[in-house]
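Examination of the molecular architecture
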Amino acid sequence: MRWINITLGLIFTGVLGFWGTREVISDPVYFLELLLGGITRGSIYALIALGYTMVYGIIQLINFAHGEIYMIGAMTALIVASVMGLWGWNSAVIAILAVVFAIVYSCAYGFTVEKIAYKPLRNAPRLSALISAIGMSLFLQNYVMLAQTPEFLPFKSLIPDFLFWEPYAHIITSVELSIIIVTIIVMILLGILIKFTTIGKAMRATAQDKVMAALLGINVNQVISTTFVVGSATAAIGGVLIACHVGQINFFIGFLAGLKAFIAAVLGGIGSVPGAVLGSLVLGISESFFTGYFWSEYEDVFAFSILVIILIFRPSGILGKHETQKV
Amino acid sequence: MVTKKEIKQAFFIALWFMVLTFPIMVIKVNTIKNIVIFRWNYLFWIGIGTFFAALTWNYFLQLKENKQKTETSDDIPLVHKLLQNARFKIPFLIVLAIFFLVYPFIFPMYHTSIMISALVYVMLGLGLNIVVGLAGLLDLGYVAFYCVGAYAYALLNLHFGVSFWLALPISAVLGFLFGTLLGYPVLRLRGDYLAIVTLGFGEIIRIIMENWDSFSNGPRGIANIPPPSLFNIDLNQHNTVIYIYFIVIALVLMTIFFVARLEDSRIGRAWIALRDDEIACQAMGISKVKTKLTAFALGATWASIGGVVFAAKTSYINPMSFTIWESITILSVVVIGGMGSAIGVIAGAFVLILLPEYLRAVAEYRMLVFGALQVIVMVFKPEGLIKGVRKIYKFKKVEE
């Protein structure tokens with residue numbers, strides 16, 4: 001079985017490499033555009049996927065409502081920005097306040113959702129928690145739809161076009177550049193949080209063994225809440241950035257984005273933070289090339305196919321630990 | 001009783017929710033006309049609403065916790081107790097039979113039609129129950145097989161004029177094949193990986209149907225699918241609905257019979273054993289591959305039959321009927337009803353399908369209520385409305 005995998009992999013990479021090199025030589029700018037577009041897309045997936053993977057790492061739950069948290073982040077930013085825009089405030093102040101509000105409110109929603117829908121189900125069958133999560137997702141979608149509007153709302157970009165970036169803007173716009181830079185910063189901060197702070201240590205301990213962590217004096221409930229809050233914050237940043245990039249939002253944007261980000265998290269090996277980032281980049285870049293060179297209408301099919309193919313050969317994702325099952 | 005502390009707590013929860021919902025509930029921005037509307041009255045209602053909601057929520061949560069402490073683990077739901085009692089069981093079944101027999105003649109066509117969709121979901125639920133409830137394989141792409149069945153009938157009819165009765169076994173076989181086909185590559189995956197891959201398969205089939213115009217007519221769908229025929233007799237619309245109703249009843253009865261027999265058969269027990277412990281099960285000489293594949297394939301078979309009935313009933317199908325939400329609804333039927341329990345699944349289907357239909361009066365809010373209901377049922381009854389009961393053999397003490 002193993003040599004078949006290796007041979008297939010080599011043939012696949014060879015064909016892809018050959019074909020790819022040909023394309024790069026024939027039109028390098030288009031290739032670069034697609035690559036950077038893919039990285040941008042992957043960065044957004046990564047920001048959302050982090051929330052999934054962290055929550056999954058700690059309580060083994062697919063947090064279906066996570067996409068909705070991201071949507072609420074974008075929605076809050078839109079509302080805050082429009083209100084302040086009408087009051088005639090300075091656009092830099094608006095941008096900062098909108099992002100701050102988006103993060104704060106997303107965190108609050110993430111926290112509340114966990115308290116309502118997941119905490120009472122801590123010891124219940126896992127499927128029950130999943131259905132509860134799906135119910136929460138449906139509820140939040142409809143709540144935003146009813147309270148606001150089912151239509152698409154135009155979202156005025158909070159990020160201005162940088163003047164110094166003018167000469168390169170045809171390859172990558174300043175919004176896309178900001179997305180990539182912000183994502184890198186968030187990743188570094190998150191890495192520091194998880195690796196070096198006390199709460200990060202507590203998170204890792206809880207993910208490994210909840211009971212043992214509790215015995216050592218870690219407040220497990222608090223750690224879980226913190227995980228939701230941190231995940232929601234990154235999702236909110238992703239929401240605001242993508243809204244700036246796409247230019248319009250509605251109540252339903254969270255669903256597909258959440259699904260894709262979840263695929264990315266699974267691709268990388270769910271529960272692993274670097275895995276989520278890697279999976280997101282792989283998904284984003286390959287999706288971008290696929291839609292750029294092949295059919296754009298089969299974009300989602302491609303995303304799922306790549307997931308199926310990778311999982312068949314590596315059943316626990318790219319970076320996932322292969323757990324040996326014990327009796 | 002409500003103590004002072006609880007009131008204080010509820011008050012703070014209400015305050016928290018007022019802050020939480022402020023931007024989305026109160027401010028409404030019209031970005032085209034550039035007007036902001038502040039709806040302060042909403043804030044008031046949210047405060048009041050969440051205050052009382054928090055009180056009841058905490059009350060019931062405490063009730064549940066206290067109950068968990070006192071009760072023993074092997075309590076049997078009331079319905080099962082009643083059904084085990086022969087004196088109750090027979091009259092109950094007779095009443096049920098009479099009710100379903102006369103139902104289409106008493107109620108108007110609209111209600112019969114709703115009942116048909118509920119019954120189709122009973123079938124789908126029981127089919128998915130094999131996969132999720134018995135075999136423990138989380139399948140989020142169940143709708144793919146439903147889609148296969150519906151399109152099989154629609155396309156076979158369109159191109160070859162195949163009738164409903166012939167399409168039924170053909171698509172059952174097709175569903176079985178597809179189940180095996182999709183089941184095979186995912187055998188190695190476990191738990192949530194399996195869930196997301198099956199979800200992927202479901203979406204792939206839908207998107208292909210949407211984009212492969214020459215094959216499936218794309219998003220326009222296929223119209224004029226004929227209803228089932230009855231010895232070439234011309235039926236008017238009302239009678240057709242009644243006819244389909246009885247076909248579905250027959251199919252549901254068949255499903256219940258099969259599932260009940262399967263559950264106690266060798267293969268059924270193998271499913272349950274595999275769900276509970278894979279390694280121990282393999283050590284007992286049960287083939288993992290065969291057992292998992294039969295679960296997938298048999299589940300898919302029921303879904304495809306359901307699909308055929310759905311196509312015949314609506315006479316028009318398009319890919320939008322087979323989104324992931326459909327899978328989620330069917331999964332909710334199984335989980336909310338009670339995993340692994342046939343009665344639970346039936347109850348779940350009726351609650352989840354009939355309730356939103358009759359909530360159409362408040363149409364905009366029905367999905368909101370549906371979502372909230374899922375959360376509430378799961379929080380207070382995590383094992384479902386009627387939980388499954390395993391057959392227990394009681395040993396009587398032999399007197400020496």
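Just so it is clear, the structure is predicted and the values come from calculations on it, not from any experiment.

Reading the values: the criteria
Residues numbered from 1 in each chain as written. Chains lettered and ligands numbered in written order. Predicted model: local features only at pLDDT ≥ 70, side-chain atom pairs only at ≥ 80, totals over all residues. Heavy atoms only, no water. Helix = DSSP H or I, 4+ residues; strand = E, 2+ residues; numbered from the N terminus. Buried < 20%, exposed > 50% of the residue type's maximum accessible area, 1.4 Å probe, protein only. Contact = heavy atoms within 4.5 Å. Areas by Shrake-Rupley, 256 points an atom, 1.4 Å probe, with all protein chains shown as cover. Lys, Arg positive; Asp, Glu negative; His and termini not counted. Charge placed at Lys NZ, Arg CZ, Asp CG, Glu CD. 1 Å grid on protein atoms, 1.4 Å probe; cavity = no way out; pocket = protein on both sides within 12 Å on 5 of 7 lines; lining within 4 Å. Points joined across faces, edges and corners; volume = space filled by probe spheres on them. Nonpolar A, V, L, I, M, F, W, Y, C, P; charged D, E, K, R; others polar. Domains from an automatic or database assignment. Pairing = 2+ DSSP bridges. Buried area = accessible area lost by both parts, 1.4 Å probe. Salt bridge = Lys/Arg side-chain N within 4 Å of Asp/Glu carboxyl O. Disulfide = S-S within 2.5 Å. Patch = residues over 30% accessible without salt bridge, like charges linked within 9 Å, V, L, I, M, F, W, Y side chains within 5 Å. Axes fitted to C-alpha atoms, helices over the stretch in contact; angles between N-to-C directions. Parallel < 35°, antiparallel > 145°, perpendicular 65-115°, else oblique. Left-handed = near helix turned anticlockwise from the far one by under 90°. Core = buried A, V, L, I, M, F, W, Y, C linked by side-chain atoms within 4.5 Å.

**So, the overall build of chain B**
- Secondary structure assignment for chain B yields 17 helices and two strands.
- By its C-alpha atoms, chain B is 85 × 70 × 50 Å across when sized along the principal axes.
- Counting only residues that meet the buried cut, chain B has 48% of its 400 residues in that class.
- Contacts spanning at least 24 positions in sequence make up 76% of the contacts within chain B whose residues lie at least 6 apart.
- Here chain B has roughly 20,700 Å² of accessible surface; of this, 68% comes from carbon and sulfur atoms.
- When the 33 positive and 22 negative side-chain charges of chain B are each reduced to one mean point, those points stand 3 Å apart.

**Some words on empty space enclosed by the protein**
Residue and element names in this part refer to chain A.
- For the structure on display, the rule yields three cavities of 30 Å³ or more.
- Taken together, Tyr52, Ile62, Asn63, Phe64, Gly67, Glu68, Ser137, Gly254, Phe255, Gly258, Leu259 and Phe262 make up the lining of the largest cavity.
- Secondary structure elements with two or more residues in the lining of the largest cavity: helix H3 (66-87) and helix H10 (253-268).
- Looking at the lining of the largest cavity element by element, the count peaks at five residues for H10.
- Of the residues belonging to the lining of the largest cavity, the class tally is six nonpolar, five polar and one charged.
- The residues that make up the lining of the largest cavity include at least three from each of domain 1 (57-251) and domain 2 (253-318).

**Describing the pairing of strand E1 (residues 27-30) of chain B**
Residues and elements named next belong to chain B.
- The alternating pattern of E1 places Ile27 and Val29 on a buried face, while none of Lys28 and Asn30, on the opposite face, is buried.
- Where E1 meets strand E2 (residues 35-38), four bridges bridge the pair, whose relative direction is antiparallel. Directly across from valine 29, in E2, lies its bridge partner valine 36.

**Some details on the domain arrangement of chain A**
All names here are of chain A.
- Its domain assignment divides chain A into domain 1 (57-251) and domain 2 (253-318).
- When each unit is reduced to the centre of its C-alpha atoms, the spacing between domain 1 and domain 2 is 20 Å.
- In this complex, domain 1 contributes 15 residues to the contact, which on the side of domain 2 involves nine residues.
- Across the interface of domain 1 and domain 2, roughly 840 Å² is buried in total on both sides, 80% from carbon and sulfur atoms.
- Contact with domain 2 buries area across many residues of domain 1, yet Ile62, Tyr70 and Met187 alone supply 34% of it, more than any other trio.
- The interface formed by domain 1 and domain 2 includes zero salt bridges.
- Listed by contribution, the elements that provide at least two residues to the side of domain 1 that touches domain 2 are H3 and helix H6 (174-196).

**As for unusual backbone geometry**
All names here are of chain A.
- Residue glutamine 60 is not a glycine yet carries a positive backbone phi of 50°.
- Checked against the element boundaries, glutamine 60 lands in the loop between helix H2 (28-59) and H3.
- Of the residues examined, glutamine 60 reaches a relative accessible area of 32% and is grouped as partly exposed.

**Observations regarding the interface of chain B and chain A**
- Taken together, the contact pairs 65 residues of chain B with 67 residues of chain A.
- When residues of chain B are sorted by the area they lose upon contact with chain A, Ile24(B), Tyr193(B) and Trp325(B) head the list and together hold 13% of the total.
- Connecting chain B to chain A are zero salt bridges.
- Looking at which element gives the most residues to the side of chain B that touches chain A, the answer is helix H9 (residues 191-211) of chain B, with twelve residues.
- Among the residues forming the side of chain B that touches chain A, the class breakdown is 46 nonpolar, eight polar and eleven charged.

**Let's talk about the state of the cysteines**
- Applying the stated rule across the entire model yields zero disulfides over all chains.
- Cys244(A) provides the cysteine sulfur closest to Cys107(A), a residue in no disulfide bond, and the two sulfurs are 18 Å apart.

**With respect to the domain arrangement of chain B**
- Once the domains are mapped, chain B shows domain 1 (4-70) and domain 2 (78-380).
- Between the C-alpha centres of domain 1 of chain B and domain 2 of chain B there is a distance of 37 Å.

**Section: the pattern of salt bridges**
- Overall, the coordinates contain nine salt bridges over all chains when judged by the stated rule.
- Lys260(A) is the salt-bridge partner of Glu287(A), the closest N and O atoms lying 3.3 Å from each other. With Glu287(A) in helix H11 (residues 273-293) and Lys260(A) in helix H10, this residue pair connects regions lying 27 residues apart in the sequence. By the burial criterion, Glu287(A) is buried, and Lys260(A) matches it.
- Between Lys288(B) and Glu278(B) there is a salt bridge, and its shortest N-O distance comes to 3.6 Å. One end of the pair, Lys288(B), is in helix H14 (residues 288-314); the other, Glu278(B), is in helix H13 (residues 278-283), and ten residues separate them in sequence.
- With a relative accessible area of 24%, Lys288(B) lands in the partly exposed category.
- Via salt bridges that share partners, Arg41(A), Lys260(A) and Glu287(A) belong to a single interconnected network.

**Focus on the side chain of Thr291(A)**
- Note on placement: Thr291(A) falls in helix H11.
- Residue classification places Thr291(A) among the buried residues on the basis of a relative accessible area of 17%.

**Quick notes on the environment of Ala261(A)**
- Structurally, Ala261(A) can be placed in helix H10.
- Residue Ala261(A) is classed as buried on the basis of its relative accessible area of 0%.

**Let's talk about a nonpolar patch on the surface**
- On the surface, Ile90(B), Ile94(B), Ile98(B), Phe99(B), Leu101(B), Val102(B), Ile106(B) and Phe107(B) cluster together to form a nonpolar patch covering roughly 740 Å² of accessible area.
- As for its position among the elements, Phe107(B) is in the loop between helix H5 (86-106) and helix H6 (109-134).

**With respect to the environment of Ile310(A)**
Residue and element names in this part refer to chain A.
- Take isoleucine 310: it is sitting in helix H12 (residues 299-313).
- Spatially, the C-alpha atoms of isoleucine 310 and alanine 213 are 33 Å apart, while their sequence positions differ by 97 residues.
- In this view, isoleucine 310 contacts Leu267 and Ile318; residues no more than four positions away in its chain are not counted.

**A look at the packing of helix H4 (residues 91-118) of chain A against helix H1 (residues 4-20) of chain B**
- Where H4(A) contacts H1(B), the two axes come as close as 11 Å, and the packing angle between them is 140°. The angle between H4(A) and H1(B) falls in the class oblique. Pair H4(A) / H1(B) crosses with left-handed handedness. Across the interface between the two elements, Tyr105(A), Ala108(A), Tyr109(A), Phe111(A), Thr112(A) and Ile116(A) from H4(A) touch Trp16(B), Phe17(B), Val19(B) and Leu20(B) from H1(B).

**As for the nonpolar core**
- Ranked by internal contacts, the top residues of the largest apolar core, which has 215 residues, are Tyr109(A), Leu158(A), Ile196(B), Val197(B), Ile317(B) and Leu331(B).
- Aside from chain neighbours lying at most four places away, what touches Val197(B) is Leu307(A), Val308(A), Leu311(A), Val186(B) and Leu189(B).
- Membership of the second largest hydrophobic core comes to five residues, among which are Ala10(B), Ala14(B), Phe51(B) and Leu55(B).

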